[in-house]
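Chains, contacts and geometry: an overview
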Amino acid sequence: MAAPTDFQTQLFLNNKYVDAKSKETLSLVNPFNGEPISAAVQVAGQEDIDLAVSYAQVAFKSGPWSTYTGAQRAVYLNKLADLIDANAHKLAALDSLCMGAPIAVAENFVVPQAAVAFRYYAGLADKIEGDSFAAEDGTYRIVRHEPLGVCAGIAPWNVPMIYVGWKIAPALAAGNTAIFKASESSPLATLYLGKLVIEAGFPPGVIQFVNGGGKTGALLASHMGIAKISFTGSTSVGKIVQKLATESNMKKVTLELGGKSAALVFEDANIPNAVAGTADGFLLNSGQMCLATSRLLVQESIATPFIEAVKARFLEAASKLGSDPLSPTTTYGPMANKAQFDRVLSYINIGKEGGALAIGGASNGNNGLFIEPTIFVNPDKNSRIYKEEIFGPVLCILTFKTEEEALELANDTNTGLSAGLYTSDLNRALRVSAKLESGNVAINSLHLPAVNVPFGGWKESGSGQELGRYGFQSYLKMKSVHIK
Amino acid sequence: MASSTVQLTGIAGQSVELPTGLFINNEFLEAQSKSTVKVLNPSTGKLLAVVAAAEKQDVDLAVGTAKVAFDTWKTVSGIERRALLFKLAELIERDSEIFATIEALDAGVLFNDSKFLHVAAAVETLRYFAGWADKCNGSSMPISGGMAYTKKEPIGVCAAIVPWNSPLMITCWKLAPCIAAGNVLIVKTAELTPIYGLKLAQLVKEAGFPPGVINIITGLGAKAGQSLAEHMEVRKLAFTGSGPVGRGIMIAAARSNIKKVTLELGGKGPTLIFDDAELENAVFWATLGITAHNGQICAAGSRILVQSGIYDQFIEAFKKRSLDAVAGDPLLANSTKGPLASRVQRDKVLGHIQKGIQDGAELLHGGKVIESDGNYLENTAFVNVTRDMSLMRDEIFGPVAAIAKFKTEDEAISLANDSEYGLSSAIFTSDISRAYRVSDALETGQVTINSWGNINANTPFGGKKQSGFGKDLGAEGLDEWLNVKTVKVNLLPAKEVKV
């Protein structure tokens, strides 16, 4: 399909699209063909963020939203879910245009997941419950769960529309108001949502969208009027967000950061299934997933044929490189932007110097920011390509003899987001998953977060959880009331 | 054999045509024995409809289709069940005036009460439980040598026997959590008020529920109700109705297959009015508590206990307000008082009034039939009712208040708790400590402070003592429709690794 031209580039504040008072703009470039998309995307500065926060505070404290029951809030959340589904193609096309995801994946999975999140959390809006305690000592005690206030969400560019659901739905279900910033390189689907927010009937100031890069994000993280910030992105930026949050008003922080997750394949795994999960599954979104299992650990006894099978899948994907993400038959897209493209290539070059390149390793032709699916076999465990998150289609494969060795390898990282484990032995599955130092473990499949189950990283992969009822709790605060 | 239809006429010529059959497997059928029941309009005494009445073989058919349906229904995801419940809520909301018309014609509920309170509550209940459908999760816990987890599973084939006083709302109290939890359900509506069930059945089909998931039948309690209570394939039965019938159901359940039972039975709700109550507020709610729907509410505030300091003022205002009622056609907006649901019920209430007079209670106001072809009865109150009188002990289910004076808080609590019932109570006071203290002391499943009768989808409702057991609404309401399965996995040691 032709690149969509109907999109919004302004900030969405108080139910209106407005230019930024900062007078700053940023440009977007199509990663498939290098063509400019827009040079007029408004960038929110201090004044704009101050405005957004004041609108959100009014909406929270005294606007109609503050008077709604949970059941009433649920009506709006469900309505927005319906509108997202009805506009899935449009929203998917805008994400695809900005960051190169194949539109079939964006439209059939990513965008609908946002609606799934809104519907899930709508069902919790009228189920906020605290505790009550008997007055054994003459004092009655009640714990109230109350919303936080203005909640900010900062999203990365890899699956943009999902974060709209993950960060806004629970915030609103809990009674908060939300300010959301998409990545500066993939803002268009998010900004278009402003129209749907109005159509769904949300009062002004309940959901707002701001744009910008790190500077704008820093303004949100430091703002004295924001009660909570939920950030998904790189570990290094996550640490900055946490620092700014602490130094300003100690706002609550949830972080979903990077991973260098391992997939463990044991000799008794269902091999075709394991290949699908660790090869095709790894290449989802061209490897640009925080939960990608970018370290593949294979038991020695099956390593040779297994690695060949994985290579074959990578070569198959590579043969389809270069296709327009906006075409419905495209399965493999480019890197999302030039900066990421350069980053991945530089890691590949480091890896090449180490001599472990097995296949791939090059950018693909001069058609867009495509990088070949790449494999390094037995790289040095101290090398940067093995230790650091690359966030691209670059897989490191190591072998192991024993279960203990596999666990040691898997856990030897300061990340802990999403481990994979392939075996047909139930005991091994339970035993090993219990010992993996990871916030999520997927057994015998690729890990895809489910909206009703908490998703969060261990160690430096993050703090706190999103999704499920645990994620919902993070948008509420407790008040203990003692009545004599 | 497909059933016939009936046409009802509401206000402003609004007309509703409905099938009259038993709704089984998404079709309307005659009873196999051709058995029917006559439905009268309690406001006029006239015949409204003749509808199919289920007997044992019809119940067997309904249960059979439910069992078959469950095989597939148990594979349907919570998200899909959620969507169906939302759709049903939307359709009921769309047709709220039709339901209000039906409840006015068939059950004697005031049209506006039905539309704005009962139907609205039914919709709220469906939406509330829809949001639970995809959240029936268990827990995981470590055990030595392995790990364990619990699953919350549907019970399977369930039944609900529902009453005639707030028919749609109470039906949805059962239907919503039952279906959200993944069960299949047979609803037996009251033979006095079956017509709303026919409309509900149409919407169940329109919403897209697969056949057999929700069956709606009516029939005599002694036949259809008893068959359900005895049925070997029904694994849970929820009943809202009178104590004697509830007792019979529990016995039948035990004798047949020990099916799970929840009972929401009668009440003799005490309303406690303390000296420091805000008088106007107390009068408003206390009056409503015993006159709303002619006191035909399990949660009716039928015993009004008034502290001596406020007694005279309260009585004067209560009497004035009670008498300020316009008895008329429930369809009409200016009617503030409808008929009792049946001639039988009216006469039962009259019997209680006669007994009260015989026992020496002092009539404050009312006590007489309002002459008409319908079942109208004056708002009635007795004062100086002592705790041993029938008026104070027995549920009347009519617009009859038993009033007593008390001096101290302890006396009020003692009087209020001196009952085999324990459904709901109301306290009126401005003293927060007293409010908490007294609500603690009252032996009822629900206590309202400075109001009466609040029903909210997210708060559990159900009684103690002979008011029954089990909860409707709230998270606890959902648990009534689930079984917990515990799974424990024993971890075997690692096999030797071939190196």
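A brief structural summary. These numbers come from a predicted model, not from an experiment. Per chain, residues are indexed from 1 in the order of the written sequence. A letter from A marks each chain and a number from 1 marks each ligand, given out in the order of writing. Thresholds applied to this predicted model are a pLDDT of at least 70 for local features of residues and 80 or more for the giving and counting of side-chain atom pairs; totals over whole chains, interfaces and linings are not thresholded and use all residues. As a convention, hydrogens and water are excluded, and side-chain values are obtained from all of the structure's heavy atoms.

1. Side note on the overall build of chain B
The secondary structure content of chain B amounts to 15 helices and 24 strands. The atom set for the radius of gyration is the C-alpha atoms, and the globule formula is 2.2 Å times the number of residues raised to the power 0.38. Since a compact globule built from 499 residues should have a radius of gyration of about 23 Å, the 24 Å found for chain B is in line with a globular shape. Principal-axis analysis of the C-alpha atoms places the extent of chain B at approximately 95 × 60 × 40 Å. Accessibility here uses a 1.4 Å probe with only protein chains present; expressed as a share of the type maximum, an area under 20% marks a residue as buried, one over 50% as exposed, and anything in between as partly exposed. Within chain B, the fraction of its 499 residues that count as buried is 58%. For chain B, the proportion of contacts with a sequence separation of at least 24, taken over those separated by at least 6, is 73%. Working note: accessible area of chain B is about 19500 Å², and carbon and sulfur atoms make up 53% of it. Under the counting rule used here, the positive set is Lys and Arg, the negative set is Asp and Glu, and His together with the chain ends is not counted. By convention, charge coordinates are those of NZ in Lys, CZ in Arg, CG in Asp, or CD in Glu. One way to put it: in chain B the 50 positive side-chain charges average out to a point 6 Å from where the 53 negative ones average out. Secondary structure elements are taken from DSSP: a helix is a run of H or I of four residues or more, a strand is a run of E of two residues or more, and numbering for both begins at the N terminus. Only heavy atoms enter the contact rule, under which two residues are in contact if any of them lie within 4.5 Å. Reported accessibility uses the Shrake-Rupley method at a 1.4 Å probe radius. Residues are deemed covered only where the shown protein chains occlude them.

2. Here's the deal with the packing of helix α13 (residues 403-411) of chain A against helix α14 (residues 426-435) of chain A
All names here are of chain A. Every axis in this analysis is a line fitted to C-alpha atoms, fitted for helices over the stretch in contact. Angles between the N-to-C directions lie between 0 and 180 degrees. Here α13 crosses α14 at 35°, and the two axes come no closer than 10 Å. Like other packed secondary-structure pairs, α13 and α14 cross with a definite hand, here right-handed. Of the residues in α14, those in contact with Glu 403, Leu 407 and Asn 411 of α13 are Arg 428, Arg 431, Val 432 and Lys 435. Should the near helix be turned anticlockwise from the far one by less than a right angle, the crossing is termed left-handed; should it be turned clockwise, right-handed.

3. Digging into the sheet that holds strand β19 (residues 380-383) of chain B
Residue and element names in this part refer to chain B. Pairing between two strands is assigned when DSSP locates at least 2 bridges connecting them. The strand order across the open sheet built from seven strands is β16-β19-β20-β15-β14-β21-β22, with neighbouring strands paired in mixed fashion. Strand pairing shows two members of the sheet lacking a second neighbour, β16 (362-365) and β22 (446-449), which therefore form its edges. Within the sheet, the average angular offset between the axes of one strand and its neighbour, ignoring direction, is 25°. Direction of pairing for strand β21 (residues 424-428) relative to β22: parallel, over a ladder of four bridges. By the bridge assignment, Ile 427 is partnered in β22 with Ile 449. Helix α11 (residues 343-358) rests against β19 and β20 (400-406) of the sheet, and its axis sits at about 25° to β19.

4. Let's talk about the environment of Tyr 347 of chain A
Residues and elements named next belong to chain A. As for its position among the elements, Tyr 347 is in helix α11 (residues 338-354). By relative accessible area, Tyr 347 is classed as buried at 6%. With 80 residues separating them along the chain, Tyr 347 and Asn 427 place their C-alpha atoms 38 Å apart. Apart from residues no more than four positions distant in its own chain, Tyr 347 is found in contact with Arg 384, Ile 385, Glu 388, Glu 389 and Ile 390.

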